[in-house]
Amino acid sequence: MLFSGTIVTAGNGEGVVVATGRDTEIGRISVLVSEQDQMDTPLARQLAHLGKQLLILIGVLAVVMLLIGWFVHGLDVDELISAAIGFAVAAVPEGLPALVTITLALGVQQMAKRHAITRKMEAVETLGSTTTICSDKTGTLTQNEMTARTVVTAVSTYTVEGTGYDPVGRVVNSDGQTADLAVHPDLSDLVLAAGLTNDAHVEQTEDRWRVVGVPTEGALDVLAAKAGAATGAVTRVGAVPFESTHKFAATLDELPTGSTPDGVTRFVHVVGAPDRLLDRADTERSADGGTAPLNRAAWDERIDALSAKGLRVLAAATRPADGVDNIVLGDLDGGLTFLGIIGIVDPPRPEATAAIAEAHAAGIRVKMITGDHRGTATAIARELGIAPAEGEVLALTGADLQAMDDDELRRVVRDVDVYARTSPEHKLRIVRALQSHGEVVAMTGDGVNDAPSITLADVGVAMGIKGTEATKEAADIVLADDNFATIESAVEEGRRIYDNIRKSVVFLLPTNGAQALVIIAAVLAGIALPLSPVQILWINLVTALTLSLTLAREPAEPGIMRRMPRSATEQVLSSRAIAVVLTASVVIGVATFVVYLLERDRTGDYAVAQTSAVLMLALGQLAFLLNCRLLNGSAFTVRVLTGNRNLWISAGLLMALQIMFTYAPFMNDWFDSTPIGFHSWALTAGLAVGVFVVMEGAKAVIRRIGNRTPREQGALPAGNATHRA
C-alpha cells in the first residue's frame, strides 16, 4: 500500500510498496531475482541429446564405411575422401536448427494474436509441456476491481453500497440507515484510518471510474469518500511503507486542532493484514469512542466469517502520538488500539473458471499462491474450481511453510493447490519443490514480489496491463490482456508447436538417413556413388526450404487439450517416432538406390542415373510429408490433402526447383545433373506412391505394437499418475 517521499510503488493488486534505504523491499527482491539460475527448456535439452546421439551414430558409421572401402574394396584415398564428405553431408541434418527456430518463430507470431507476447522464443514450446501453473490471485484469476463491501467494528457491522471505483454509494448500519460518522465514532475512526494510509485516488474517465494507484488502496479511498471521512484536512507527518515481511502500512498524521475530544492532534494509523495488527494491539475501540481490552477470539471469528465469503480482509488500528515527530517500524510492535476490519470483494474472472477447467482436462494442475487470508483464498479457489466445492481444502499459509523444511514441503507440495499469506521466499520454495518432482512449472504474477519466482520457473508469465516493469523484465511471456484464459490458449499453442517440431524432425531425418544409406550401400557394393556431395547438399536444401516449413504451420490435432502433458524427460523422438524414421530412411533409401541402378543399367549414362536418384529423393520426401501430417493416425483420408494450404505451395515450389535442377543448363553445370525423359519421371513418381503406401502400412504396424505398451505421447512422469488423476 502507500506512501510518501522516496517510495517506489508496485501496482501488483496486493498493495505492495517498496521504500528506499537499508534493507528495502526492492533490494531484497533484486537479490532474489539475481540468485535464480536460468533453466534450460525441455526442447533444448532434448535436441542437445538428439544431436549427441546422431553425432555418435554418424561417427561410427563413417569409420565402418571407410574401413570397408579401404580394406575390402581397396578404394584409393581420393575416392574415400569423396565418400566421406558425401556421407557427412548426407547424414548431418543441417536444416534441423533452422527448422526448429522457424517453427518457434511462427508460434511466437501466432501467440501474439492470442494476446500472449513472447519475450523468449523457447518459452513457446516449454509452455506447451507445462504440468503445473502457479498463479497469483489478484488481477489474474480475479478482476482486480476492488470494492469494500463490509465494515465490522466491535460495536456493529456496516454494509457498503455501490460497486467498482465509482464513489457513489452509502455506508449503512444494521437498520439499513445511512451511518452518520458523528453518531458512529467507531466507524468514523476506522474509515479515517483507511483513507489516510494510502496514496491512491479515483478519477472519472469518459466511460468509467478508474483507480490511480494500487487497486486495494483505491477501494479504501472510495470507502472513505462514501462514508464522508474528512481526510483532506489531515496532514501526514511520517510513514512506514508496506512490505511483504510485515504486511501493513502506517502513517503518522496530524489532525486539525479541536477535532478530537481529548485534544490529541497526532495519531498513528495502521492498515494491513488482520493477524499482524491483532498481534500488535492491546485494546479495541468501544461503543463510546473509548477503549476496551482486545477480544482476540471474537475478532478471529469475524475475520474467518468474512474470509469464508471470499472477501479479502484488511484491518485498521490506531494509537495517539502527541509529541512524536516521526515513526519507524519498531515503534509499531505494540500498544495499538484495534479499530475493526474491512471486507473487500474482488470478483473472479468468469473466463478464468472455464480456463481452469480446460487446464484440468489437459492434465495441468493449477495452484493459487496469494498473500490473502487462508479463508479468502480457499473460498475463491472453490469458486474458480481450483479446489473442490465440497469437503475440506488442504491449504498452507506462509507460517506453515516457514515451519516446514524443504523435504517436508516436497512431500506435500503436489497435493496442495492453495497457498495463502505467502512471501517471495515462500513462492521460490514452492516452485523449487515442484520442479524437484520433474514438474514443468509456469508461474504467473504482476508484482515486484513475483519476480524471483517468475525467474526461477520453467516459464515465467507476467501481466502486461497491471504488471510492474520488474516482473515483465523477469518473465518469458507477457499477457497483453492480464487474463488467465490467455495462458490456457498459450498452452494449447505450445502443444501444437511441439507436435509440429516433432513431425518436422521425423520428416527431415529420413532425408539424411536415406542419403546416408545410399552412400554406405554404394561403398559396400564397391560401385560409384549414386549421389555427389553437391547433389546431396541440393536435396537437403530444397526439402528444408520447401517441404519442412509446411509442417511448421500444421493446425492443432483434434483433442490436443485432452492429452496429458508429456514428460519433461521424454525425448523429441519417442520409440515410435524412431521406428518411423528408420523405416522411412530404409524405404526411401532403397527406392533411391533402385532408381539409380535401373537408370544406370537402362541408359548407361551416369548423369541420368544420378539426376533420377535426386528426383526420387525429392518425390519420396513429398510422399512421406503426407504420412507425417497425420503421424499418429492413418493418412488414407481426404483430410491429409486439406487444412494446410502451404502443402500445395511447398509441393509446387519443390517441383519448380526440381525441374530447374534437371533442365536448366547452369544447374546442370553446377550440380552435374542432366535432362531426363518421361521414363525416369514415371518410374520415380510410381515409386513415390509406393513409398506413401508402404509407410502407411509401417505406421499401422508401429501403432499396433505401440498400443501394447503405455502410450508415450503425453505420458506422465514416473510416479505422477495419481497426482494427475
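The structure contained in this document is the topic of the report that follows. (Residues numbered from 1 in each chain as written. Predicted model: local features only at pLDDT ≥ 70, side-chain atom pairs only at ≥ 80, totals over all residues. Heavy atoms only, no water.)

## Considerations on the overall build of the protein chain
Then, number 1: Scanning the protein chain from terminus to terminus reveals 24 helices and 22 strands.
Then, number 2: Within the protein chain, the proportion of its 725 residues that are buried is 57%.
Then, number 3: Sequence separation of 24 or more characterises 71% of the internal contacts of the protein chain that already satisfy a separation of 6 or more.
Then, number 4: Taken as a whole, the protein chain presents about 28,400 Å² of accessible surface, with 59% of it coming from carbon and sulfur. (Helix = DSSP H or I, 4+ residues; strand = E, 2+ residues; numbered from the N terminus. Buried < 20%, exposed > 50% of the residue type's maximum accessible area, 1.4 Å probe, protein only. Contact = heavy atoms within 4.5 Å. Areas by Shrake-Rupley, 256 points an atom, 1.4 Å probe, with all protein chains shown as cover.)

## What about the pattern of salt bridges?
Then, number 1: Counted according to the given criterion, the structure contains 31 salt bridges.
Then, number 2: Linking Arg 562 and Glu 358 is a salt bridge whose minimum nitrogen-to-oxygen distance equals 3.4 Å. Highlighted residues: Arg 562 in the loop between helix H18 (533–552) and helix H19 (575–603) and Glu 358 in helix H10 (residues 350–361), separated in sequence by 204 residues.
Then, number 3: Arg 562 sits in the exposed class, given a relative accessible area of 52%.
Then, number 4: When its relative accessible area of 28% is taken as the criterion, Glu 358 is described as partly exposed. (Salt bridge = Lys/Arg side-chain N within 4 Å of Asp/Glu carboxyl O.)

## Quick notes on the environment of Thr 245
Then, number 1: You can see Thr 245 is positioned in the loop between strand S10 (235–240) and strand S11 (248–254).
Then, number 2: Among the residues examined, Thr 245 registers a relative accessible area of 45% and is labelled partly exposed.
Then, number 3: Considering only alpha carbons, one finds Thr 245 and Ser 423, 178 residues apart in sequence, at a separation of 7.2 Å.

## Side note on the nonpolar core
Then, number 1: Core analysis: the biggest nonpolar cluster contains 111 residues, and Phe 484, Val 506 and Phe 624 have the highest contact counts within it.
Then, number 2: Tallying contributions element by element places helix H17 (residues 484–525) first for this core, with 18 residues.
Then, number 3: With residues up to four places along the chain from it excluded, the contact list for Phe 624 reads Val 506, Phe 507, Pro 510, Val 580, Ala 584, Ile 588 and Met 695.
Then, number 4: Counting 30 residues, the second-largest nonpolar core is a separate cluster that includes Val 171, Ala 200, Leu 220 and Ile 342. (Core = buried A, V, L, I, M, F, W, Y, C linked by side-chain atoms within 4.5 Å.)

## Notes on the packing of aromatic side chains
Then, number 1: The tally for this structure, following the rule as stated, stands at 8 aromatic pairs.
Then, number 2: For the ring pair Phe 661 and Phe 671, a centre distance of 5.7 Å and an interplane angle of 55° mean the geometry is tilted. A residue pair is termed long-range when its members are at least 10 positions apart, and Phe 661 in helix H21 (residues 646–663) and Phe 671 in helix H22 (residues 665–671) qualify at 10 residues.
Then, number 3: Residue Phe 671 is classed as buried on the basis of its relative accessible area, which comes to 13%.
Then, number 4: Judged by centre distance (5.1 Å) and plane angle (75°), the rings of Phe 666 and Trp 670 are edge-to-face. On the criterion of helical spacing, the pair formed by Phe 666 and Trp 670 is a turn pair, its members being 4 residues apart in helix H22.
Then, number 5: A residue is classified by how much of its surface remains accessible, and Phe 666, at 39% relative accessible area, is partly exposed.
Then, number 6: An aromatic cluster of at least three residues, connected via ring pairs, comprises Trp 538, Phe 661 and Phe 671.
Then, number 7: Between Arg 302 and the ring centre of Trp 299, over which it is positioned, the NZ or CZ distance is 4.3 Å. (Phe/Tyr/Trp six-rings, centres within 6.5 Å; stacked < 30°, edge-to-face > 60°. Lys NZ or Arg CZ within 6 Å of the ring centre and 35° of its normal.)

## Considerations on the sheet that holds strand S19 (residues 418–420)
Then, number 1: Overall, mixed pairing links the 8 strands, which are arranged S3-S22-S21-S20-S4-S17-S19-S18 in an open sheet. Across the chains shown, the open sheet's two edge strands, defined by having one partner strand only, are strand S3 (116–118) and strand S18 (395–397). Strand-to-strand twist of the sheet, defined as the mean angle between neighbouring strand axes without regard to direction, takes the value 20°.
Then, number 2: The pairing of strand S21 (residues 459–463) with strand S22 (residues 477–479) spans 3 bridges and is parallel. Across the sheet, Ala 462 pairs through a bridge with Val 478, a residue of S22.
Then, number 3: Strands in contact with helix H14 (residues 424–435) are strand S4 (132–135), strand S17 (365–369), S19 and strand S20 (441–445); relative to S20, the strand with the most contacts, it is inclined by about 160°.
Then, number 4: Packed onto the sheet, H17 meets S3, S4, S17, S20, S21 and S22 and runs at close to 160° relative to S4. (Pairing = 2+ DSSP bridges. Axes fitted to C-alpha atoms, helices over the stretch in contact; angles between N-to-C directions.)

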